[in-house]
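Notes for the structure review
Residue-level listing of the chains:
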Amino acid sequence: MSFFNPETGEMQFSDGLCLRGGMPVDAIDPHLRYTGSQEAVYCLPPLAVEGGSLGAALTADQGGLRTLRLTVAAITGRHQVPGERQRAFLFDLFRLADPCPDTQQNVRLKAPFGRLTLYTDPVTGQAGALLEYA
């Protein structure tokens, strides 16, 4: 299985962790607990993917995983990577062609699972991905 399933939004990480919309937080990590009726934010340790690692912050509510924000933690072991390379790495992971590599504009795609946004922060240059599950 590849890293990302564009139909379901499911992601398979190198360590075996699988993330998908709606999954309960204790299925992601047994140490996480959802205790309220509001949306909660959780940060995961860096997650290994082919060629690097990603930082992950997720939001969840009573229905489980709602959003997942991924940022590049390292590429081929290097932690200080230029934003253009981070962006290219993310587009490769999601098996997408970057329609605007020169301007680095945000790219938002509608999908059966919800939405995927690939972006570059104009201030820091950091690239990231945001998955929003319907």
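Right, let's walk through the structure included here. None of the values given here were measured: they were computed from a predicted structure. (Residues numbered from 1 in each chain as written. Predicted model: local features only at pLDDT ≥ 70, side-chain atom pairs only at ≥ 80, totals over all residues. Heavy atoms only, no water.)

A short note on the sheet that holds strand S6 (residues 107–111)
Strands belonging to one sheet form pairs held by backbone hydrogen bonds; the direction of such a pair is parallel or antiparallel. Here is the rule we go by: When DSSP finds two or more bridges between two strands, those strands count as paired. Only DSSP runs of H or I with at least four residues qualify as helices, and only runs of E with at least two residues qualify as strands; both kinds are numbered from the N terminus onward. To define axes, lines are fitted to C-alpha atoms, for helices over the stretch in contact only, and angles between the resulting N-to-C directions are given on a 0 to 180 degree scale.
Strand order in this open sheet of six strands is S3-S4-S5-S8-S7-S6, and the pairing throughout is antiparallel. Looking at which strands have only one partner, the edges of the open sheet turn out to be strand S3 (40–49) and S6. Strand-to-strand twist of the sheet, defined as the mean angle between neighbouring strand axes without regard to direction, takes the value 15°. Note: S6 against strand S7 (residues 114–120), five bridges, orientation antiparallel. From the neighbouring strand, Ala-111 faces S7, where its bridge partner is Gly-114.

Focus: the pattern of salt bridges
Basically, it comes down to this: By definition here, a salt bridge exists when the distance from a side-chain nitrogen of Lys or Arg to a carboxyl oxygen of Asp or Glu is within 4 Å. Here the term buried applies to any residue with accessible area under 20% of the maximum for its type, exposed to any over 50%, and partly exposed to those in between, with areas from a 1.4 Å probe on protein chains only.
Scanning the entire structure with this criterion turns up three salt bridges. The partner of Arg-66 in a salt bridge is Asp-61, and the shortest N-O contact between them spans 3.2 Å. For Arg-66, a relative accessible area of 22% corresponds to the partly exposed category. Across the salt bridge formed by Asp-98 and Arg-87, the nearest N and O atoms sit 2.6 Å from each other. Of this pair, Asp-98 sits in the loop between helix H2 (83–93) and S6 while Arg-87 sits in helix H2, placing them eleven residues apart in sequence.

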